[in-house]
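This is what each chain is made of:
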Amino acid sequence: MSAVTRTRSRTRARTEEAAHPVSVRGRGPAHRTLRLASGRLSLRIRPRPLAVTLLLTLLAAGSGALALTRDGLVPPAEVLGALFGAGSEQAAFVVLELRLPRVALGLVVGAALGAAGALFQQLSRNPLGSPDIVGFNSGAATGALLVLLHGDPAYVAAGAAGGGLATAVIVQLLARRGSFRGNRLILAGIAVGSLLTSVNSYLLTRAALDHAQSAQLWLIGSLGSTERDQILPALLALAALLLLALPLVRRLDLLEMGDEAAGGLGIDAGRTRVLVLLVAVGLSAVAVSVAGPIVFVALCAPQLARRLSRGTGTGLLPAAAMGALLLSASDLLAVTLPTAGPLPVGVVTGALGGVYLAWLLGRRQRG
């Protein structure tokens, strides 16, 4: 069989598999379909990715629980009492005012980064296509910095979203022949990100000393200045963006067959990519606006989740759960390491990300 014939056969099989919820290889159902709203909305449920998502979510919650009881200052029984309004005033202050906001926001930011990384990697069809690599986080940081240093801090989220979106437009214009895909997008993103990093450094040199110090800590990526009033807006934004992303994921996965084949199934390739890009930038902006441009979580979480779930496609929810676990565990490590003071979580994620990339490189060389 010629290469052309094999390619056509694979494309035909993918089209049939996408159009029908039963595996074309005769191995039984590839997934289960849940239909809602009298059949107008359907969700595909794959058992293994669902189990992985639930397991990672439980592990992330367990990591958060450990963070609440760290160093033995508040015993576990008093932590539970504080959470349910039955603890002492001291326990309630430590748990509800100091620790719980940081833990909760770490889970939300990690989930946003993991989901954004999954969307960017599937959109670019490149494992390096994460927002911190292709410059979108740097652009969001630039927009947020401009607001932090020269405007009203209440508009930091809007500044981050505007900066990330402007960066996405610039990167796409530079890599316009790549159509959101391939090495051109990655190279253009790295170039723009490097330029924006210099812009951010320049902004710090022109700021007042106290503003520059706090902004520098924020640029590393930190959950140390988390406040309770940040949690609900970030959580609502994450939930809304994930709900917007879920119907787009199936269409995005179908684009792997090629624009022409996907078009035959009624998928508008250009519109789908633009919508996915907007959602991914929004997820990045949510994370950057409250915790700074934390590195490597968006890069590693989708890949690790995909290895565990053994699935293909975007893997949005497993990646979000893995992102929450990675950031929660990294922040727990940051506050328990025997250093002169608590480390910014961005330092820990950067170190862990470097170790992960070194391991991945060694594994590929042995292969």
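Heads up: the structure comes first, above all this text.
Residues numbered from 1 in each chain as written. Predicted model: local features only at pLDDT ≥ 70, side-chain atom pairs only at ≥ 80, totals over all residues. Heavy atoms only, no water.

Under the 1.5 Å per step criterion, the end-to-end length of helix α5 (residues 136-150) is 21 Å for 15 residues, consistent within 8% with the ideal 21 Å. Among all positions of α5, only F136, N137, S138, G139, A140, A141, T142, G143, A144, L145, V147 and L149 are buried. (Helix = DSSP H or I, 4+ residues; strand = E, 2+ residues; numbered from the N terminus. Expected span 1.5 Å × (residues − 1). Buried < 20%, exposed > 50% of the residue type's maximum accessible area, 1.4 Å probe, protein only.)

The residue S309 is located in helix α12 (residues 297-309) in this model. Classification of S309 by relative accessible area gives buried; the value is 8%. In this view, S309 contacts R48, P49 and V52; residues no more than four positions away in its chain are not counted. (Contact = heavy atoms within 4.5 Å.)

All right, on to unusual backbone geometry then. For R125, which is not a glycine, the phi torsion comes out positive at approximately 55°. Its location among the elements puts R125 in the loop between α4 (89-124) and α5. A positive phi angle is found at F296, which is not glycine, with a value near 75°. Looking at the element boundaries, F296 is found in the loop between α11 (269-291) and α12.

Taken as a whole, the second largest pocket holds about 560 Å³ of empty space. Lining the second largest pocket are 24 residues; nearest its centre among them are V156, W218, Q230, S289 and V290. Elements with a contribution of two residues or more to the lining of the second largest pocket: α6 (156-174), α8 (209-220), α9 (231-254) and α11. Per element, the largest residue contribution to the lining of the second largest pocket is 6 residues, and it comes from α11. Across the lining of the second largest pocket, the residue classes tally to 15 nonpolar, 7 polar and 2 charged. (1 Å grid on protein atoms, 1.4 Å probe; cavity = no way out; pocket = protein on both sides within 12 Å on 5 of 7 lines; lining within 4 Å. Points joined across faces, edges and corners; volume = space filled by probe spheres on them. Nonpolar A, V, L, I, M, F, W, Y, C, P; charged D, E, K, R; others polar.)

Take the pattern of salt bridges next. Taken as a whole and judged by the stated rule, the model has 2 salt bridges. Here E97 and R228 are joined by a salt bridge, their closest N and O atoms 2.8 Å apart. Of this pair, E97 sits in helix α4 while R228 is found in the loop between α8 and α9, placing the two residues 131 residues apart along the sequence. For E97, a relative accessible area of 38% puts it in the partly exposed group. Residue R228 is classed as partly exposed on the basis of its relative accessible area of 49%. (Salt bridge = Lys/Arg side-chain N within 4 Å of Asp/Glu carboxyl O.)

A cluster of nonpolar side chains, contributed by L165, V169, L173, V274 and L278, occupies part of the molecular surface with about 400 Å² of accessible area. When residues in the nonpolar patch are grouped by element, the largest group, 3 residues, is from α6. Relative to the helices and strands, L165 resides in helix α6. (Patch = residues over 30% accessible without salt bridge, like charges linked within 9 Å, V, L, I, M, F, W, Y side chains within 5 Å. Areas by Shrake-Rupley, 256 points an atom, 1.4 Å probe, with all protein chains shown as cover.)

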